[in-house]
Amino acid sequence: MDLTPQPAPPAGELKLVVFKLLAEEFAASIHQVREVIRLPGLTRMPRTPAYVVGLMNLRGKVFPVIDLKRRFRMEARASDGRTRVMVVEVGEQAMGLVVDDVVEVLRTSRDHFEPPPAMIAENTGLYLKGVVKLGERLLLLLDLNRLFSAEELAEIARAGAEGKP
Amino acid sequence: MDLNEYRDIFISEAQEHLQQLNEGTLRLEKDHRDLEAVHSLFRASHTLKGMAATMGFDGITELTHQMESVLDAIRSESLPVTRPLIDLLFACIDQLGNQIGQVAGGSQVPEIPADLIVRLKRGMESSQEPGEAAAEPVPAPGAAPGKSLEEAWSQGKRVFRLALEVEKSCTFRGVRAVMALRNLEKVAEILKTEPGVSRLEAGSFDFRFDVWVASQEGPEELRRACMKVMEIADCGVEALEASPAPAPAGGPGPASREPVTPEDEIMPAPPAMGTPAAAPAKEEAAELLDEGTSSPGAAPAKQSVRVHVDRLDAMMNLVGELVTQKIRLGQIGKSSNLKELKDSLSQLERVVDELQDEVMSVRMVPVDHIFNRFPRMVRDLARDLGKEVELRMEGKEIECDRTLLEEVSEPLVHLLRNALDHGIESPAERRAQGKPAAGLLRLMASREKNQVLIEIRDDGRGIDSEKVRQSALAKGYLSQTEASMFGEADAVRFILMPGFSTAEKVTSLSGRGVGLDVVKTKVESFGGGLKIESRKGQGTAFHLRLPLTLAIIQALMVRVGGEIYAVPVANTVEAVEYGPADLRVMQNQEVVLLREQVLPVLRLGALLETPGGQGPLPGTFTVLVAETADRRVGLMVDEVIGQQEIAIKNLGGLLKGVRGFGGVTVLGDGRIALILDIPSLI
């Protein structure tokens with residue numbers, strides 16, 4: 001999959017990877033998603049927040065795996081046959097995001113995009129670019145770049161430091 | 001041409017020339033008459049000038065140009081080498097380093113401080129003082145005190161300047177010059193010479209000199225008088241007109257003269273800036289420079305290419321992955337019965353091992369890479385501190401992984417400073433103790449199996465255990481009873497404690513509480529170790545132990561609560577097995593006895609919050625004995641699986657800040673094991 005950062009598709013087109021957390025449908029720009037794999041064996045990483053579920057080895061590269069539901073403080077659910085890891089690249093950092101299902105890759109017109117409505121749960125509000133309305137379907141478009149802010153990184157480091165007796 | 005592309009090449013080459021300048025100046029400082037050093041200095045600044053001019057760095061161009069003039073004057077011996085002059089040269093080199101640093105940082109290159117240029121020019125003027133001395137009535141052999149030019153003019157005489165040249169092959173320059181002067185005396189009155197007569201007699205000039213004469217004769221006659229002398233190659237005659245402002249007040253000093261050496265003699269080609277076409281030219285230039293610096297035992301220039309360090313790192317990573325896959329394949333091969341597979345696998349193993357060795361050796365650089373800047377640093381520090389020190393370096397050719405070497409550079413600087421500041425006494429104090437006034441500071445590198453040892457040894461006052469004891473007592477680190485049993489070994493342990501410093505005065509060097517503990521922690525963080533040995537009144541030695549490379553290390557694989565971790569062997573002293581009954585509690589701290597000594601132990605499972613790590617221990621357990629800067633501690637693990645080579649992968653940006661881990665490694669079966677970093681873990 002092409003990883004080179006591209007400008008937002010002109011002529012009003014959006015290319016999205018649609019995935020599920022619980023029953024809700026989310027979407028991310030396809031330019032940030034490198035690939036989608038089944039949940040691999042993970043190595044637990046001590047001294048990190050609970051949403052860092054572990055480290056994954058993908059063809060010799062090691063990177064952290066984040067449970068998005070925990071990240072958004074959503075209800076936990078055991079993984080099943082549909083559970084997937086989206087390998088994404090955010091800035092310099094590659095990471096895996098655990099999602100409940102990857103539904104499809106779709107193209108849609110920008111016209112269906114709207115800025116985030118006020119009533120969206122505040123847990124995800126910060127990371128939301130907006131919503132995409134496709135008839136009855138409502139996709140929450142995530143801004144992966146905001147998933148880990150500088151403060152967030154500091155928190156991870158702090159969690160590590162606090163592990164120190 | 002996009003100059004940015006060439007900037008990196010410029011920087012790396014400029015650094016080398018800077019190094020040559022430093023080395024040359026140090027040599028010149030030791031021996032003011034070391035003309036070889038002057039030549040090498042001249043070449044280095046000349047090359048640097050050319051490179052800077054190509055890149056449009058005017059400040060560097062201007063400064064090196066002025067330096068060249070000064071060096072040229074030294075070379076032609078019209079400028080004596082003095083301490084202030086050496087200092088000025090060092091100041092220029094520092095300024096050049098500063099400028100190059102700015103270029104490297106991508107920032108706007110600042111102007112060269114004007115005062116430096118002024119000082120250089122003044123340095124040149126002072127160079128003319130000997131010239132001026134000579135300009136005074138010439139004590140020419142047998143000649144009556146001559147007259148000044150003005151006098152000659154006022155008496156209506158014609159004044160000439162003769163530019164004489166002896167043959168370059170001439171051995172007895174002084175003799176030829178004096179003979180020419182004798183001949184001239186017969187037909188003219190000698191007003192002055194440049195350089196002065198004494199220098200001419202000594203033959204200490206390059207093959208040109210100037211003579212001012214007053215004479216009734218014409219130019220042809222004067223020329224003939226000179227040319228009669230053997231080995232006088234040329235004699236230019238120039239009639240000087242009287243002018244209101246007596247022109248030759250200072251005489252045409254070397255400053256107004258073009259550098260004698262033609263440019264192409266030094267530089268075979270315009271500065272090679274790394275374009276493929278220019279590469280052979282660069283090679284040549286490098287060879288010439290090698291000759292010039294002529295450090296004893298300098299290897300002949302070899303064919304080489306510059307490769308960016310990032311690429312080497314990428315290669316090392318790939319090789320690390322290859323090693324991992326090799327181990328994995330080996331395990332699969334063992335469990336199969338295919339002979340061909342096994343044969344092929346052993347071949348593969350051999351090739352991969354060789355490849356690993358090759359790539360690692362590519363990353364190796366001699367420790368001189370960082371050692372070479374120490375002589376200058378030590379010299380400056382010693383001067384600031386008013387001490388005399390001889391720095392002796394050994395084993396400069398020992399090789400070490402480049403990244404590692406850069407990591408260890410700062411700790412070494414710290415230790416050298418420490419030795420100068422605290423170790424070596426002032427010359428007076430040393431004399432009073434019957435030691436030579438100049439302290440001896442030795443920096444020695446050697447190789448031992450898979451480790452590089454670096455030793456810094458001074459013959460100074462050693463660690464004053466009494467002072468350390470007092471300080472420890474005052475700061476509450478010691479109880480009275482403990483203090484009464486305090487020995488030299490304890491003193492060494494204390495000065496490695498964080499925040500512990502016995503320095504009485506805060507100098508710019510040390511004594512700010514950022515002490516040896518920082519050095520020790522740093523060295524340990526990349527799997528090395530630091531040991532101190534000290535004898536009061538005889539000196540101190542610091543022993544640094546470093547792994548050969550950062551990328552692949554020896555590690556103990558341990559099992560803790562169902563998880564596997566890698567512990568760098570360098571972090572541990574030994575592993576000892578215990579039964580549940582051996583674990584005791586003293587003052588709320590779990591301990592075991594190790595050779596009758598009480599060793600506090602930490603449960604690694606609890607530190608790492610492993611599932612079930614907090615609970616009771618299963619039957620037997622193993623204690624890894626680890627030493628950090630300030631303590632010795634045991635880490636309880638369920639079992640040590642074995643020792644193996646592991647390839648280190650760094651944790652990415654997201655997890656970089658998590659303390660306690662030095663990275664990860666991929667095991668043969670594809671699983672990931674975290675590498676523990678003991679100093680930051682406990």
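Reading the values: rules and limits
- Every residue gets a number counted from 1 within its own chain, in the order that chain's sequence is written.
- The lettering of chains begins at A and the numbering of ligands begins at 1, in the order of writing.
- Thresholds applied to this predicted model are a pLDDT of at least 70 for local features of residues and 80 or more for the giving and counting of side-chain atom pairs; totals over whole chains, interfaces and linings are not thresholded and use all residues.
- Excluded from the side-chain calculations are hydrogens and water; all other atoms, namely the structure's heavy atoms, are used.
- Aromatic pairing here means that ring centres of Phe, Tyr or Trp (its six-membered ring) are within 6.5 Å. Orientation follows from the plane angle: under 30 degrees is stacked, over 60 is edge-to-face, and everything else is tilted.
- Numbering of helices and strands runs from the N terminus, with a helix taken as a DSSP run of H or I at least four residues long and a strand as a DSSP run of E at least two residues long.
- Residue exposure (1.4 Å probe, protein chains only): buried if accessible area is under 20% of the type maximum, exposed if over 50%, otherwise partly exposed.
- It only takes one pair of heavy atoms within 4.5 Å for two residues to be counted as in contact.
- Buried area counts how much accessible surface, traced with a 1.4 Å probe, disappears from two parts once they are put together, with both parts' losses summed.
- The salt bridge criterion pairs a side-chain nitrogen of Lys or Arg with a carboxyl oxygen of Asp or Glu, the two atoms within 4 Å.
- Polar contacts, as used here, are pairs of N or O atoms within 3.5 Å; protein pairs need one atom able to donate a hydrogen and one able to accept it. Residues neighboring in sequence count only if both atoms are side-chain atoms.
- One number per residue, pLDDT, summarises how confident the predictor is, and it ranges from 0 to 100.
- Here the rule is simple: two strands pair whenever DSSP picks up at least two bridges between them.
- Helix axes are fitted only over the stretch in contact, all axes being lines through C-alpha atoms; the angle between N-to-C directions runs from 0 to 180 degrees.
- What a helix should span is 1.5 Å times the count of its residues minus one.

What follows covers the packing of aromatic side chains. Between two aromatic rings, the relevant description is the distance of the centres plus the angle of the planes. Residues and elements named next belong to chain B. Counting across every chain of the model gives five aromatic pairs over all chains. With a centroid separation of 5.0 Å and 50 degrees between ring planes, the pair formed by F10 and F57 is classed as tilted. Taken as a pair, F10 in helix α1 (residues 3–30) and F57 in the loop between α2 (35–55) and α3 (58–75) lie far apart in primary sequence, 47 residues in all. By relative accessible area, which is 13% here, F57 ends up buried.

Moving on: the interface of chain A and chain B. With 27 residues of chain A at the interface, the matching set in chain B holds 27 residues. Between chain A and chain B the total buried area reaches about 2200 Å² when both faces are included, carbon and sulfur atoms providing 63% of it. Of all residues in chain A, R44, M45 and R47 of chain A bury the most surface against chain B, accounting for 28% of the area lost on that side. Linking chain A to chain B there are one salt bridge. Two residues, E563 of chain B and R44 of chain A, come together in a salt bridge whose shortest N-O distance is 2.6 Å. For the pair chain A and chain B, the number of links is six residue pairs in polar contact (both at pLDDT 80 or more).

Let's shift gears to the confidence of the model for chain A. With 78% of its residues at a pLDDT of 70 or more, chain A shows a mean pLDDT of 81. The low-confidence segment residues 1–10 of chain A (pLDDT under 50) makes 12 contacts with residues lying over four places distant or belonging to another chain.

Bringing the sheet that holds strand β2 (residues 189–194) of chain B into the picture now. All names here are of chain B. Reading across from one edge, β2-β3-β1-β4 is the order of the four strands in this open sheet, with antiparallel pairing throughout. The sheet terminates laterally at β2 and β4 (232–240), the two strands that pair on one side only. Ignoring which end each strand starts from, the neighbouring axes of this sheet average 25 degrees apart. Across five bridges, the pairing between β2 and strand β3 (residues 208–215) is antiparallel. For E194, the partnering residue across the bridge sits in β3 and is D210. Sheet contacts for helix α7 (residues 173–187): β1 (158–166), β2, β3 and β4; angle to β3, the most-contacted strand, approximately 10 degrees. On top of the sheet, helix α9 (residues 219–227) reaches β1, β3 and β4; it is set at about 155 degrees to β4, its chief contact.

Turning our attention to helix α15 (residues 374–385) of chain B. All names here are of chain B. Relative to the 16 Å expected for 12 residues at 1.5 Å per residue, α15 spans 16 Å between its end C-alpha atoms, a close match to the ideal helical length. All of the buried residues along α15 are F374, R376, M377, V378, R379, L381 and A382. Backbone geometry just after α15 places G386 at a positive phi near 65 degrees.

Residue and element names in this part refer to chain B. Here strand β15 (residues 584–586) pairs with strand β16 (residues 589–594) via three bridges, running antiparallel. Counted as the bridge partner of V585 is E590 from β16. Joining the antiparallel neighbours β15 and β16 is a turn of two residues, in which Q587 adopts a positive phi near 45 degrees. Across four bridges, the pairing between β16 and strand β17 (residues 597–603) is antiparallel. Across the sheet, V591 pairs through a bridge with P600, a residue of β17. Where β16 folds back onto β17 in an antiparallel hairpin, the turn is made up of two residues, including R595, whose phi is positive at roughly 45 degrees.

All right, on to the pairing of strand β5 (residues 61–67) of chain A then. Residues and elements named next belong to chain A. Burial within β5 is extensive, with six of its seven residues counted as buried. Two elements, strand β4 (residues 52–58) and β5, share six bridges in a ladder whose sense is antiparallel. Looking across to β5, one finds that V52 is bridged to I66. Connecting β4 to the antiparallel partner β5 that follows it, the hairpin turn spans two residues, and R59 within it adopts a positive phi of roughly 45 degrees. In terms of strand pairing, β5 meets strand β7 (residues 93–99) through three bridges, oriented parallel. Bridging from a neighbouring strand, V65 pairs with G96 of β7.

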